[in-house]
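Take a look at the letters that make up each chain.
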Amino acid sequence: MAGDVHEQVFNEAQFYSADVVGEDGEVAQGLSLDLPKLVPGAVGGSRHPTVGGGSAALGSATKAAEGQLQPQNPTAKAAAGGGGARERRRKKAAERATKISFWLESKYEILPAVCGSFENWQEAPSVTYDFDLLWCDTAITADRFMKLKPYQKMNHFVGMSSITRKNNLGRNLLRMRKQFPKEYKFFPDTWILPTDLSDFKLQFTNSKNKTFIIKPDNGCQGKGIFLVRDVEKVPVDFSTTFVAQRYLHKPFLLDGFKFDLRLYVLVAGCDPLRIFLHKRGLVRLASESYVEPSAKNLQQSMVHLTNYAINKFNPNFEENTNPDDAQDGHKRSWEAVQAFLRTEGHDVDTLNSEIEDLIVKTLIAVQPSLSHFYHSCQPDDLENSMCFEILGFDVMLDSKLQPWLLEVNHAPSFATESDLDRIVKEEVLRDSLELLHFDPEARRQKKREAREKMEQRAMGAVKKASMDERMEIERDKARQRTSWEDQNLNSYKRLYPSEQSEQEYMHIHDAAINIWEMLMGGTSRRTIRLSQPEEEKDNDKPGSKNGKGGNIEEVKKEKRTPEQVREVVERLMAGCSALPRAGESRTHRASNRGDKDSVIGSPERESAHEEHVQPSPHKTPRPDVQVGDVIKVQTNLGWENVTVRAKRTNGKIDIQFKDGEYMRSVLPRILRESPPSPGTAPTPGLPAGGSACGSGGGNGSSGS
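Below is a summary of the structure that appears in this document. (Residues numbered from 1 in each chain as written. Predicted model: local features only at pLDDT ≥ 70, side-chain atom pairs only at ≥ 80, totals over all residues. Heavy atoms only, no water.)

A word on helix H13 (residues 348-364)
Right, on to step 1. Taking 1.5 Å of rise per residue, 17 residues should cover 24 Å, and H13 covers 24 Å from first to last C-alpha, within 8% of that figure.
Right, on to step 2. With 13 of 17 residues buried, H13 lies mostly within the body of the structure. (Helix = DSSP H or I, 4+ residues; strand = E, 2+ residues; numbered from the N terminus. Expected span 1.5 Å × (residues − 1). Buried < 20%, exposed > 50% of the residue type's maximum accessible area, 1.4 Å probe, protein only.)

Describing empty space enclosed by the protein
Right, on to step 1. Applying the stated criterion across every chain yields a total of five cavities of 30 Å³ or more.
Right, on to step 2. In this structure, the largest cavity is lined by 18 residues; those nearest its centre are Ile-213, Lys-215, Leu-305, Met-396 and Leu-406.
Right, on to step 3. Those elements that provide at least two residues to the lining of the largest cavity are strand E8 (212-216), strand E10 (242-246), strand E12 (257-270), strand E15 (389-397) and strand E16 (403-409).
Right, on to step 4. Forming the walls of the second largest cavity are 13 residues, and the residues nearest its centre are Asp-271, Leu-382, Glu-383, Asn-384 and Glu-474.
Right, on to step 5. No other element matches helix H17 (residues 467-486), which puts four residues into the lining of the second largest cavity.
Right, on to step 6. Looking at the lining of the second largest cavity residue by residue, the class counts come to four nonpolar, two polar and seven charged. (1 Å grid on protein atoms, 1.4 Å probe; cavity = no way out; pocket = protein on both sides within 12 Å on 5 of 7 lines; lining within 4 Å. Points joined across faces, edges and corners; volume = space filled by probe spheres on them. Nonpolar A, V, L, I, M, F, W, Y, C, P; charged D, E, K, R; others polar.)

Some remarks on the pairing of strand E21 (residues 662-666)
Right, on to step 1. Here three bridges tie strand E20 (residues 653-657) to E21, and the two strands are oriented antiparallel to one another. Residue pairing in the sheet places Gln-656 in a bridge with Tyr-662 of E21.
Right, on to step 2. Between the antiparallel neighbours E20 and E21 lie four residues, among them Gly-660 with a positive phi of about 100°. (Pairing = 2+ DSSP bridges.)

Notes on a positive patch on the surface
Right, on to step 1. Taken together, the side chains of Lys-208, Lys-210, Lys-250 and Lys-400 define a basic patch exposed on the protein surface.
Right, on to step 2. Its location among the elements puts Lys-400 in the loop between E15 and E16.
Right, on to step 3. Since its relative accessible area comes to 72%, Lys-400 is described here as exposed. (Patch = residues over 30% accessible without salt bridge, like charges linked within 9 Å, V, L, I, M, F, W, Y side chains within 5 Å. Areas by Shrake-Rupley, 256 points an atom, 1.4 Å probe, with all protein chains shown as cover. Salt bridge = Lys/Arg side-chain N within 4 Å of Asp/Glu carboxyl O. Lys, Arg positive; Asp, Glu negative; His and termini not counted. Charge placed at Lys NZ, Arg CZ, Asp CG, Glu CD.)

Remarks on the pattern of salt bridges
Right, on to step 1. Tallied over the full model, the rule gives 43 salt bridges.
Right, on to step 2. In this structure, Lys-312 engages Glu-417 in a salt bridge whose closest nitrogen and oxygen atoms are separated by 3.8 Å. Of this pair, Lys-312 sits in the loop between helix H11 (308-311) and strand E14 (331-333) while Glu-417 sits in the loop between E16 and helix H15 (419-435); the two residues are 105 residues apart in sequence, bridging distant segments of the chain.
Right, on to step 3. A residue is classified by how much of its surface remains accessible, and Glu-417, at 42% relative accessible area, is partly exposed.
Right, on to step 4. Bridged by salt links that share partners, the residues Arg-274, Arg-481, Glu-485, Asp-486 and Arg-494 form one connected network.

Some details on the nonpolar core
A general tendency of soluble globular proteins is for nonpolar side chains to be buried together.
Right, on to step 1. Of all hydrophobic cores here, the largest spans 83 residues; its most connected members are Phe-145, Tyr-184, Leu-261, Ile-359, Leu-363 and Phe-393.
Right, on to step 2. With residues up to four places along the chain from it excluded, the contact list for Leu-261 reads Leu-282, Val-283, Trp-334, Ile-355, Phe-393, Asp-394, Val-395 and Leu-397. (Core = buried A, V, L, I, M, F, W, Y, C linked by side-chain atoms within 4.5 Å. Contact = heavy atoms within 4.5 Å.)

A closer look at the side chain of Asp-398
Right, on to step 1. Considering the arrangement of structural elements, one finds Asp-398 in the loop between E15 and E16.
Right, on to step 2. Residues contacting Asp-398, with those up to four places away along its chain left out, are Lys-250, Pro-251, Phe-252 and Trp-404.

With respect to the packing of helix H14 (residues 367-377) against helix H18 (residues 499-520)
Right, on to step 1. The geometry of H14 relative to H18 is characterised by a closest axis approach of 8 Å and an angle of 60° between their N-to-C directions. In terms of orientation, H14 lies oblique with respect to H18. Between H14, through Gln-367, Pro-368, Ser-369 and His-372, and H18, the contact on the second element is made entirely by His-509, Ala-512, Ile-513 and Trp-516.
Right, on to step 2. Here the contact of H14 with H18 is built from residues that sort into four nonpolar, four polar and no charged. (Axes fitted to C-alpha atoms, helices over the stretch in contact; angles between N-to-C directions. Parallel < 35°, antiparallel > 145°, perpendicular 65-115°, else oblique.)

In short, geometric facts, not functional conclusions.
Right, dumping it as C-alpha cells:
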C-alpha cells in the first residue's frame, strides 16, 4: 500500500477529519477511526465524526450524561465545558464545508486582494491546510502535484516548460514547421546555440549584413539579451544554451516607438486542451524612438527592446495616466490600441484571428507532452481540472501588421505599478478564478467518492472501468464542463476546444501526437475530443458490423495452431514482439528455427526465403557504442552530437544532448564515423565521411 502514490496521498484520517479542521489549521489529536461518532446535520446531508480522545472522550460523555441527573459540581462543569468545545469544533467544521480556502506563495499584493474579494473565500493558515487553490509564482514539481487531492487545483502544469523555456519553444515549433511550413511561419527563424552553431554562422554573409537577437534560454525581464551583426561576436559557450532569432527590422510603430503585446491566455485543461484569450492586454513600448539596427546602435537596448523591466529605468519613460487613451505613456491598453488601429483603417479583425491561430497552434504542439505528464501524476482524475495556468504570450507586429510570436511566459508579472496594470490584471485574475468554478459541494462529493473507493478497495470490491468506458465518462464530463464555461466566460474568449476548432486543427494535433510518439518511442494516450470520432460514427450507423442499431456480429479470433504458438514463444524468448511486424516474412522466421516444412510452397515464397537468407551486401550492422561515447544521431533538426549515458538490454540507449536534454530508451539513427570505401558515393543528406546506421522508424529517430 505504501508503494501506491494514492495511498500515500490519502489516508483514513484525512477522509474522516478533512472537514473537521478548524480555522487555525490544527487537526485535533487522538481521532478514533475505529469507532467514529457521527454527528448528523452537517451541510449537504453529509456526516462528520466527532473529534474526541478515544475512550477518554466516551468517558467524558458518560460523565456529562450522569452530571445531568446529579446536582452541579466541578466535575459536571468540566464535562459540560468539554462538550461545548466539541460543539464549537463541529460548527467550525460545518462553516469550513461552505468555504473555499486558498494558499498563496506569491509576492504580488493583488492576488490576496482578488481571492479575498470572493464570497466565502478564506486564506489557508498554512501549507498543510486542506486548501482548494494553490498558487505559486514559480514552477511546481511533479512530486508536489502528485500529492494533491482530486478537488485541489494549482496554477501550473507539469511540463509547460516545453514552451516557456525559449530553447524548448524553438525546438517544438521547428519540429512542427518541418511538417507544416505554411502553418508554422508565425515565429522568426530560430537557432539553438551551441547545437546549431555551425548552421547559424552560415547566416552571416558579406553581401548583406543581417541582425540577430541572442537570448538566454531561461532568462526573463530582458536580462542577457543582445544584438549581433558580426559572426565573431556569436557566443561560443558549451555550458550555456542561447536562442538566436532573426531580428524583425521593420516592426509596426506607435508614435515612432517599437512595441510588443502582452496577451493573457488561460489554459484550464490539457486533455482536451482548454484555451481562453482575455480581451484585456498590455501594449509595451520602447522608451526611445526606433531606428533600424546598425553597428553603432546595437547597444541601445531601450531602442530595440520593449521589456518593461528595462525601459522603466529610462528618465524619458512615461507611465500611463489614462487607460482609455491609446497614445498615453509607454504602456498602453490593448483595447484602446485596437480602437486606434480601426480608426487608422487597419484590419484588426484579421489581426486578432491570426493571433488566436498562433496561440492555439503553439499549445497544440506540446499537448501530447502535457497530457502525458498530467495523467502520469494523476491517473485517476477524470475531469481534467486539477491544473490551470495563466500564460503571457509576447507578440510583435511587423510593418504589414502580421503577428510574430516572441516567447511565452509561465509566470507573467502581476505587479500593479499603475492604474492600467491594476485594471487589466485584476480583471484577468478575477475572470480566471471564476471560470475555474471552485465549488464546495464538488469538493464534498469528491471526498465521498474517494472514501467509498477506499472502502471498496479494503473489501476487494473495486470494479475498474474499461478504457472505452473511461473515455466515454471523460468525454461526457468534458462536454458538461464546456457548456458551463460558455455561460461564464466574462471577458474571456474560448479559442479551444469546440467541435469546429477540433476539426480545423485535427491534422495538426495528429501530427503533434505522431512526433511525440516518435521521440518517446511509445504510444500516446488517446486524446479526449468533444466531437465524436469518425470510426465511432460509422459504428453507430444501423446495419454496421458493431453498430448499436444493426445486427451485432461478434468477430471471433482464429485459434492459433500449435505451430503458431511455438513461434510466438520463440519470438518472446528472443526479445521480439509476439506478433510479426507488417511486411515481415514468415519464411524468414521459420528458417531461423530450422523448420523445413514452412518454406515449401510457391516459387515466390522460395525466392523470398532466399532473399532473406542471403545477407545483403549493403546492410551494415549497428555500431557498437559504449557508455560515455560521443556520437552523432539524426533528429528532426539534423545531425546532433550526443553523449551515451546508459545501455539497455534490448539494444536501446540513453542519450544526452549538449543543451542538457536527456532522452531515455531510444534507438536513434547513428552516424558511423568511418571514411567511405573507394568508389562509393556518399549518401545524400549525410555529413561527409559518415554513414548512417540504425532504424529510421518510430524508435529510430530522436530529438530534443
